[in-house]
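Spelled out from the first residue to the last, the chains are:
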Amino acid sequence: SDSEPAGAIKAIDRHSVHQICSGQVVLTLATAVKELVENSIDAGSTNVDVRLKDNGAELVEVSDNGKGVEEANFEGLTLKHHTSKIREFSDLIHVETFGFRGEALSSLCALSDLSVVTCHESAQVGTKLVFDHNGHLVQRCPHPRQQGSTVSLGQLFYTLPVRHKEFQRNIKKEFTKMIHVLQSYCIISTGVRITCSNQTGQGKRSPVLNTSGSPCMRDNIGAVYGPKQLQSLLPFQQLRPTDVVKEDYGLTNAELPEELFTITGFVSRGDHGVGRSATDRQFFFINKRPCDPSKVTKIVNEVYHMYNRHQYPFVALNIAVASECVDVNVTPDKRQIFLQEEKLLLAILKTSLMAMYESGVNKISLNHKPSNLSNSNSEATPPDKHPCIADVLASEEPLDQHCSEPEAQGTKTEPSTSREEDPAPGPDSKRARTQGSQDSVGSSAGPEPTKRDSSRSSLSKVDAPVSLQKRTAPLRFCFQELASRLRRLNELQRQMDSDRLKYRRFRAKISPGENQSAEDELRKEISKDTFKDMEIIGQFNLGFIITKLNSDIFMIDQHASDEKYNFEMLQQHTALQGQRLIAPQKLHLPAVSENVLMENVDIFQKNGFDFLIDEEAQVMERVKLVSLPTSKNWTFGPADIEELIFMLSDSPGVMCRPSRVRQMFASRACRKSVMIGTALSVSEMKKLVVHMGEIEQPWNCPHGRPTMRHLVSLDVLSQD
């Protein structure tokens, strides 16, 4: 009403509530596809087909051959919290389907144009249903269809303008993440044939995923990732946890329900070279539900790194557990799950994996020292023996050294008996004793007594003044008052230090432990344009350039800074030459990887790779390798191609290099850069400093040496 104050608490209108909540249930393309695929599998489908247009930005369509929707359920199909899976909260304990909240289709209605074509197993003809954004059925008409359902989402997220714009801008990343989620359902859904394809514009529809409906998880893995991946896998063999491992997890010897968990699946072998450079092929399931159990993921990778330090395993593990011991109703996407007896599960995993990797050839991995990435590499970087900025400052310029004042004489009282090894007293010892005794009147502490000659009789070792008139005076002393004064002094000192730091732009110390803080400060305070304005003060120790910018003094590592510049130039401008193979080599890449490669073939060519591409061929046979990059003794192969594919999946269209190419460039850059020990003229130093302003990240060289550190601010010195 008009009389209500502006800040009155009122209920949000139902339409707004629906939009707000829907945006929390469906966050990404992956979530939308996941919900539709789960509905299809819950409906008993043996065939699920996912079809996208423009990577899902234009259209997402999921078809199945499940039971279909009965006519009586048409109206409630997309209404909020309408479901056939549960009737009350207690039913959650025994839920065995993917979905149970009745939120997915309702939320998708609010975020897109949703329509359904369905034919129930008891119906003679199918029906097309069109719903509005509130989930209300607004149109229905007969539509020919076999048994099953097809759900179509047009213009996903267009009802949320900001999210829609971001969604379209990042559509390739969204598509890649969606494929990874869909792969998890392909692996775990035995007996279900899952296919996925994408059409860009008016072009040809290209396959992305294709499983055969095998009853075996291993076959599904092969269908998704190819036969090469299968060659590196070990079937998981579950063992009872050992006493040592149980003790690690604080599990007592009391009766443990060790049969609570049944773990099945596959992991990579532990020998070097068969793992992966990232965790991109790790899938965990609880009762066949894809999830992200962080502690389980951590222990699997930790054990693997005991045997293969530099790679990550392929993992596909299903953990079967009684439904009453697991809570899946934690997050909207249901990927976070609470488990009873989680420590027991971790103990089983650790014991079992260690036993698997201890057996066979994997034992050699314990002491395996990875060979250089090239068997014979004349450009490999030698160990860097030059001192870095932190080393030099620690040994020759202790900027933060704190010197304590020597103790004032007369503040210690030693026992007055002399010791055998004490030196003989000097000629002024008697005068010193007398003076010390007089000064100590009214004080509980006097000067250190002078020692007597050790050659005298032990009866004469008492060192006390004779015939001395002593006076005493009361001394007021209170420990509480002293402690209070010390606290006030300390607080005042802290306040002064804090006030001084408030005016400092550079606070990080020159220390390896503060490298990140130092880089963050430099990145914040130093722009690319400021390097050319730096004044050259001189060269220090034939290795470091001292510069001044306004009132700040900096030290620049001449070798590390030049190396970073040369490295960036090689990265940006070097096109590696390829060497043609005698015959094209089959790569057997998964469909997703083939698509990434074909969309970014120009980046592969700049890295020296070339391919024979046949889009009409079968999946995993569309791409063949015909040329490899070569450079002196560096050799490259399929592993470098897979790494590039992984990088481009995360950053489509962005120029990148495989790690071994980066290492080769780092080696070249190091050898062509100004070395420590080289005297430089002012113009040469200026050139190196200006170059730092011409690269994106000038703060450390490819080998990790810091290029630049702040030494001191002249303003702060003048304040002090």
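Note that the structure is predicted; figures quoted are calculated from it, not measured.

Q: Would you explain the overall build of the protein in this entry?
A: When you go through the protein residue by residue, the secondary structure sums to 21 helices and 23 strands. Scored against the burial criterion, the 720 residues of the protein give a buried share of 43%. Partitioning the intrachain contacts of the protein with sequence separation of at least 6 by distance along the chain shows that 72% fall at a separation of at least 24. Here the protein has roughly 39,400 Å² of accessible surface; of this, 51% comes from carbon and sulfur atoms.

Q: Sorry if this is basic, but what is going on with the packing of aromatic side chains here?
A: For any pair of aromatic rings, geometry is given as the distance between the ring centres together with the angle between the planes. Here the structure, examined in full by the defined rule, presents seven aromatic pairs. Among the aromatic side chains, those forming a connected cluster through ring pairs are Y225, F283 and F314.

Q: Help me out: how do you make sense of the sheet that holds strand β17 (residues 544–549) in this one?
A: Strand pairing in a sheet relies on backbone hydrogen bonds. The paired strands run either parallel or antiparallel. Pairing within the open sheet is antiparallel, and its four strands lie in the order β16-β17-β18-β23. With partners counted over all chains shown, the strands left at the sheet margins are β16 (535–540) and β23 (708–713), one partner each. In this sheet, adjacent strand axes meet at a mean angle of 25 degrees when their direction is disregarded. When strand β18 (residues 552–557) meets β23, the two strands line up antiparallel, connected through five bridges. Residue I553 lies in a different strand from β23, and its bridge partner there is V712. Here helix α14 (residues 515–525) sits on the sheet and contacts β18 and β23; the angle it forms with β23, its principal contact strand, is near 75 degrees. Lying on the sheet, helix α15 (residues 558–573) is in contact with β16, β17 and β18; it crosses β18 at an angle near 70 degrees.

Q: So what exactly am I meant to see when it comes to the packing of helix α16 (residues 591–599) against helix α18 (residues 638–650) here?
A: In a pair of packed helices, the angle between the axes and the distance between the axes together describe the arrangement. At a minimum axis separation of 10 Å, α16 and α18 run at an interaxial angle of 80 degrees. Classed by the angle they form, the pair α16 and α18 counts as roughly perpendicular. For the pair α16 and α18, contact is made by S593, V596 and L597 and by I641, I645, L648 and S649, respectively. Class assignment of the residues belonging to the contact of α16 with α18 gives a composition of five nonpolar, two polar and no charged.

Q: Which parts of the structure should I look at to understand the sheet that holds strand β3 (residues 113–119)?
A: Across the sheet, eight strands lie side by side as β5-β4-β3-β6-β2-β1-β7-β8; this open sheet has mixed pairing. Pairing within the sheet leaves two strands with one partner each, and these edge strands are β5 (137–143) and β8 (205–210). Averaged over all pairs of adjacent strands, the angle between strand axes in this sheet comes to 15 degrees, irrespective of strand direction. The sheet contact formed by strand β1 (residues 47–53) and strand β2 (residues 59–64) spans six bridges and is antiparallel. Residue L52 lies in a different strand from β2, and its bridge partner there is V60.

Q: I would appreciate a short explanation of a nonpolar patch on the surface in the present structure.
A: Nonpolar side chains collect at one region of the surface, where L475, F477, F479, L482, L486 and L489 lie side by side and expose about 690 Å² of accessible area between them. Looking at where L475 falls in the secondary structure, it is placed in the loop between α12 (429–439) and α13 (479–502). For L475, a relative accessible area of 61% puts it in the exposed group.

Q: Just checking my understanding: could you explain the pattern of salt bridges for this structure?
A: Close approach of charged atoms lets side chains of opposite charge pair. A complete count under the given rule lists 21 salt bridges for this structure. Its salt-bridge partner being K564, residue E568 comes within 4.0 Å of it at the nearest N-O pair. Here E568 and its partner K564 are both found in helix α15, four residues apart, which amounts to about one turn of the helix. Taking relative accessible area as the criterion, K564 reaches 7% and is therefore assigned buried. Through salt bridges with shared partners, one network takes in K34, E35 and E38.

Q: Looking at this model, I keep getting lost on the nonpolar core. Mind explaining?
A: Soluble globular proteins: nonpolar side chains tend toward being buried together. L108, L114, M178, L209 and I221 are the most contacted members of the largest nonpolar core, which has 58 residues in total. A total of 10 residues in this core trace back to one element, the largest contributor, which is helix α5 (residues 171–188). In contact with L209, not counting residues within four places along its chain, are I179, L182, Q183, C186, I194, T195, C196, V224, A591 and V592. In this structure, V245, V296, C325 and L353 belong to the second largest nonpolar core, which totals 33 residues.

Q: Looking at this structure, I do not really get the state of the cysteines. What am I missing?
A: Cysteine pairs can be covalently joined through their sulfur atoms, and such a bond is termed a disulfide. All told, the structure shown has zero disulfides when counted by the stated rule. In this structure C186 is not part of a disulfide, and its nearest cysteine sulfur, from C196, lies 8.1 Å away.

Q: Explain the environment of D640 here, please?
A: Relative to the assigned elements, D640 resides in helix α18. D640 sits in the buried class, given a relative accessible area of 4%. Separated by 19 residues in the primary sequence, D640 and S659 place their C-alpha atoms 7.9 Å from one another. Excluding residues that lie within four positions of it along the chain, D640 makes contacts with F609, P658 and R660. A polar side-chain atom of D640 sits 2.9 Å from the main-chain amide nitrogen of G637. Side-chain polar atoms of D640 contact the side chain of R660, separated by 3.2 Å.

Q: Is there a simple way to explain α5 in this structure?
A: Spacing of three or four residues puts side chains on the same side of an α-helix, whose turn is 3.6 residues. In a regular helix each residue adds 1.5 Å, so 18 residues correspond to 26 Å; α5 covers 26 Å between its end C-alpha atoms and thus fits that length. Burial runs high along α5: 13 of the 18 residues are buried.

Q: Is there a simple way to explain the packing of α15 against helix α19 (residues 659–672) in this structure?
A: As a packed pair, α15 and α19 sit with axes 8 Å apart at the nearest point and diverge in direction by 135 degrees. The angle between the axes of α15 and α19 places the two elements in the oblique class. Handedness of the crossing formed by α15 with α19: right-handed. Residue-level contacts link H559, D562, E563, N566, F567, L570 and Q571 of α15 to R662, F665, A666, R668, A669, C670 and K672 of α19.

Q: How do you make sense of the environment of I526 when you look at a structure like this?
A: Summarising the element assignment, I526 is placed in the loop between α14 and β16. Given a relative accessible area of 6%, I526 falls into the buried group. C-alpha of I526 to C-alpha of G693: the two residues are 167 residues apart in sequence and 9.5 Å apart in space. Beyond its immediate chain neighbours, meaning those up to four positions away, I526 contacts F506, F531, M534, L549, F554, W699 and M708.

How each quantity is defined
Residues numbered from 1 in each chain as written. Predicted model: local features only at pLDDT ≥ 70, side-chain atom pairs only at ≥ 80, totals over all residues. Heavy atoms only, no water. Helix = DSSP H or I, 4+ residues; strand = E, 2+ residues; numbered from the N terminus. Buried < 20%, exposed > 50% of the residue type's maximum accessible area, 1.4 Å probe, protein only. Contact = heavy atoms within 4.5 Å. Areas by Shrake-Rupley, 256 points an atom, 1.4 Å probe, with all protein chains shown as cover. Phe/Tyr/Trp six-rings, centres within 6.5 Å; stacked < 30°, edge-to-face > 60°. Pairing = 2+ DSSP bridges. Axes fitted to C-alpha atoms, helices over the stretch in contact; angles between N-to-C directions. Parallel < 35°, antiparallel > 145°, perpendicular 65-115°, else oblique. Nonpolar A, V, L, I, M, F, W, Y, C, P; charged D, E, K, R; others polar. Patch = residues over 30% accessible without salt bridge, like charges linked within 9 Å, V, L, I, M, F, W, Y side chains within 5 Å. Salt bridge = Lys/Arg side-chain N within 4 Å of Asp/Glu carboxyl O. Core = buried A, V, L, I, M, F, W, Y, C linked by side-chain atoms within 4.5 Å. Disulfide = S-S within 2.5 Å. Polar contact = N/O pair within 3.5 Å; in protein donor to acceptor, adjacent residues only side chain to side chain. Expected span 1.5 Å × (residues − 1). Left-handed = near helix turned anticlockwise from the far one by under 90°.

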